[in-house]
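Coordinate analysis (summary)
Below are the chains, spelled out letter by letter.
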Amino acid sequence: MSKLKLCIDVGGTKTAYGLLDDENHIVYRFQTPTPLEIMPDEFTEKIYTETDEVLKNFGCAREELSGVAVGMPSYVDYENGIVVTSGSIHNIKNYPARAVLEKKFPGIPVLIDGDTNMAALAEHYLGSGQGFPHMVYVALSTGLGTGFIIDGRLFRGSYGGAGESGHMIITPGEGLTDGCGNPGCFMSYACGSYIVKHAVNAIESGIPSSLKDMVSDLSDLTAKHIAEAYKQGDSLAEKLMKQLISYSALHIYNLFIAFNINCYVCGGGLTNMGDFFLERIQEEADRLNKQENQKIYIKKAALGGDNGLLGCGIALDLALKQ
Ligand SMILES: [Zn+2]
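An account of the accompanying structure is given in this report. (Residues numbered from 1 in each chain as written. Predicted model: local features only at pLDDT ≥ 70, side-chain atom pairs only at ≥ 80, totals over all residues. Heavy atoms only, no water.)

1. A look at the packing of aromatic side chains
Enumeration according to the criterion identifies eight aromatic pairs in this entry. Judged by centre distance (5.7 Å) and plane angle (45°), the rings of tyrosine 28 and phenylalanine 58 are tilted. You can see tyrosine 28 sitting in strand S3 (residues 26-33) and its partner phenylalanine 58 sitting in helix H1 (residues 40-58), a full 30 residues away along the chain. For phenylalanine 58, a relative accessible area of 28% corresponds to the partly exposed category. Among the aromatic residues, those joined into a ring-pair cluster are Tyr230, Phe276 and Phe277. Here the guanidinium or amino end of lysine 295 rests over the ring plane of tyrosine 297, the centre of that ring lying 5.4 Å away. (Phe/Tyr/Trp six-rings, centres within 6.5 Å; stacked < 30°, edge-to-face > 60°. Helix = DSSP H or I, 4+ residues; strand = E, 2+ residues; numbered from the N terminus. Buried < 20%, exposed > 50% of the residue type's maximum accessible area, 1.4 Å probe, protein only. Lys NZ or Arg CZ within 6 Å of the ring centre and 35° of its normal.)

Given below as structure tokens:
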């Protein structure tokens with residue numbers, strides 16, 4: 001039997017493990033919760049012990065692995081294997097995760113990268129970005145992140161932070177402040193967690209909305225509730241959805257103007273709210289785009305929740321080929 005790749009997609013709520021064969025078929029899956037308060041060394045130890053469980057369940061030995069790839073919900077310095085910062089797992093900072101994992105998996109190549117880069121690779125090779133030499137994967141999720149493919153290759157920038165476009169500032173000095181420390185970045189308007197924060201702030205300031213009756217405690221409010229209230233005609237939800245759509249479109253349009261990249265593959269939980277969401281982002285981006293005959297393609301990700309694991313598999317193929 002040929003060797004298997006161990007792919008690990010660390011998300012803000014769950015960590016998915018997959019064993020992938022030569023053709024990047026996922027032959028075994030396993031899932032555990034991601035404890036967000038976890039400390040760095042506990043995190044790598046968790047990966048090590050859960051890998052044992054994965055291998056035991058599937059019935060293969062550690063020596064049968066050709067490589068280990070980890071996708072993190074983080075800003076990762078790929079070259080040096082360092083998790084620089086992580087918005088969701090906030091105790092992991094400037095942590096040499098690859099070096100620690102290499103000690104735990106002696107003789108097996110290990111790589112680590114940001115989850116949006118992994119998703120970009122997957123959609124470029126196997127999903128909605130096929131046929132586009134330049135594309136951006138846009139994660140419209142709890143947060144807002146991107147992964148850039150330029151000339152068919154991942155583009156990471158000088159310090160590995162090329163996918164941090166969600167923190168480009170759109171209203172300087174005004175608005176909410178997220179983990180990046182600057183008020184008014186795109187993410188503080190156009191992502192799941194911040195649209196909920198805007199809703200809670202509005203309700204607490206006395207603006208009437210059916211959202212208030214949908215949960216017993218405002219801390220339980222989610223973007224799903226806002227989508228539901230929007231469909232029922234709630235005026236606050238309509239205003240918030242308009243804000244989410246217009247800032248998402250501005251973000252894409254600004255990337256288009258800066259890089260002239262024409263393909264934007266959107267994934268993440270918000271894209272499951274209904275077809276209207278990406279259709280309205282497309283309309284808004286088209287309205288902004290004054291370049292005749294230069295279409296901006298806004299597409300839904302084709303691989304769904306598997307793009308993290310598949311991207312890890314492709315990243316390992318590319319690294320092992322070198
Ligand atoms: Zn920010």
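Next comes the rest of the write-up.
2. A word on the coordination of the zinc ion
Only His167 (ND1), Asp178 (OD), Asp178 (OD), Cys180 (SG) and Cys185 (SG) from the protein reach the zinc ion as donors, at distances of 2.0 to 2.6 Å. In primary sequence terms, the donor set of the zinc ion follows H-x10-D-x1-C-x4-C. (Donors = N, O, S within 2.8 Å, 3.2 Å for Na, K, Ca; no water.)

3. A few points about the environment of glutamate 204
In this fold, glutamate 204 is placed in helix H4 (residues 192-204). Exposure remark for glutamate 204: the relative accessible area of 58% places this residue in the exposed category. Each C-alpha atom of the pair glutamate 204 and leucine 218 lies 9.2 Å from the other, and the pair is 14 residues apart in sequence.

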